[in-house]
Amino acid sequence: MTYQNILVAIDDSETADKVIREAAQLAKALDSQITVVGVVTLDPYLADTYLRFGQSNELIDRVKGYVQDNLDKAEQKFESLGLSVASQTLEGLSVHQEIIKAAQNLGSDLIIMGSHGRTGFKQFVLGSVAQKVLAESQLPVLIVR
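- An unreviewed UniProt entry annotates the protein chain as Universal stress protein of Acinetobacter suaedae.
- Taken verbatim from the UniProt record of the protein chain, the Subcellular location (unreviewed entry) comment is "Cytoplasm".

This is the structure in structure tokens:
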């Protein structure tokens with residue numbers, strides 16, 4: 001089995017560094033291309049005007065800047081590991097759906113992302129983006145802890 005186009009979803013967690021290292025190691029071994037993505041989660045109430053009319057929103061712009069900073073850092077980490085990667089800032093109401101949609105649009109054949117390692121009751125109440133991607137994606141998903 002070979003994965004030529006890998007989508008790597010990151011956030012600002014400590015797990016992101018592990019995700020980058022694992023993705024880089026796999027991409028080198030398989031000679032794969034990587035697209036690293038970060039997601040701006042849009043609150044439906046705050047984003048109504050932004051979504052309908054494309055009007056700027058200061059809070060959304062700040063979050064987009066923060067996500068872009070994370071992506072820039074991730075690109076630098078991949079470069080330090082010997083890989084050149086593409087990056088994309090995604091935005092939407094549902095993080096897991098944006099990740100899945102991006103993987104489909106990019107023609108990815110593998111999604112790599114981190115898990116925050118929640119267990120037991122906390123996991124049941126809070127849910128998990130990784131769990132939702134794993135459950136709903138048609139693509140293979142590698143979860144890094």
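Considerations on helix H1 (residues 15–30)
Every α-helical turn comprises 3.6 residues, leaving residues that sit three or four positions apart pointing alike.
Now for step 1: Between its first and last C-alpha atoms H1 spans 23 Å; for 16 residues at 1.5 Å apiece the expected length is 22 Å, and the two agree.
Now for step 2: Listed in full, the buried residues belonging to H1 are Thr15, Ala16, Val19, Ile20, Ala23, Ala24 and Ala27. For H1, the angular spread of buried residues about the axis comes to 170°, placing them on one side. For H1, the exposed residues lying more than 90 degrees away from the buried face are Gln25 and Ala29.
Now for step 3: Next to the buried residues of H1 lie strand S1 (5–9), strand S2 (33–41), helix H3 (58–80), strand S4 (110–114) and strand S5 (141–144).
Now for step 4: With its phi angle positive at about 55°, Asp31 sits one or two positions after the end of H1.

Let's talk about the packing of H1 against H3
Now for step 1: At a closest axis distance of 10 Å, the pairing of H1 and H3 adopts a crossing angle of 40°. Accordingly, the angle class assigned to the pair H1 and H3 is oblique. In this structure, the crossing between H1 and H3 has a hand that is right-handed. From H1, Asp17, Ile20, Ala23 and Ala24 reach across to H3, where they touch Ala74, Lys77 and Phe78.
Now for step 2: Of the residues contributing to the contact of H1 with H3, the split by class is five nonpolar, no polar and two charged.

Reading guide: rules and limits
Residues numbered from 1 in each chain as written. Predicted model: local features only at pLDDT ≥ 70, side-chain atom pairs only at ≥ 80, totals over all residues. Heavy atoms only, no water. UniProt positions renumbered as here; feature names shortened; annotations may be inferred. Helix = DSSP H or I, 4+ residues; strand = E, 2+ residues; numbered from the N terminus. Expected span 1.5 Å × (residues − 1). Buried < 20%, exposed > 50% of the residue type's maximum accessible area, 1.4 Å probe, protein only. Arc of directions from axis to C-beta. Contact = heavy atoms within 4.5 Å. Axes fitted to C-alpha atoms, helices over the stretch in contact; angles between N-to-C directions. Parallel < 35°, antiparallel > 145°, perpendicular 65-115°, else oblique. Left-handed = near helix turned anticlockwise from the far one by under 90°. Nonpolar A, V, L, I, M, F, W, Y, C, P; charged D, E, K, R; others polar.

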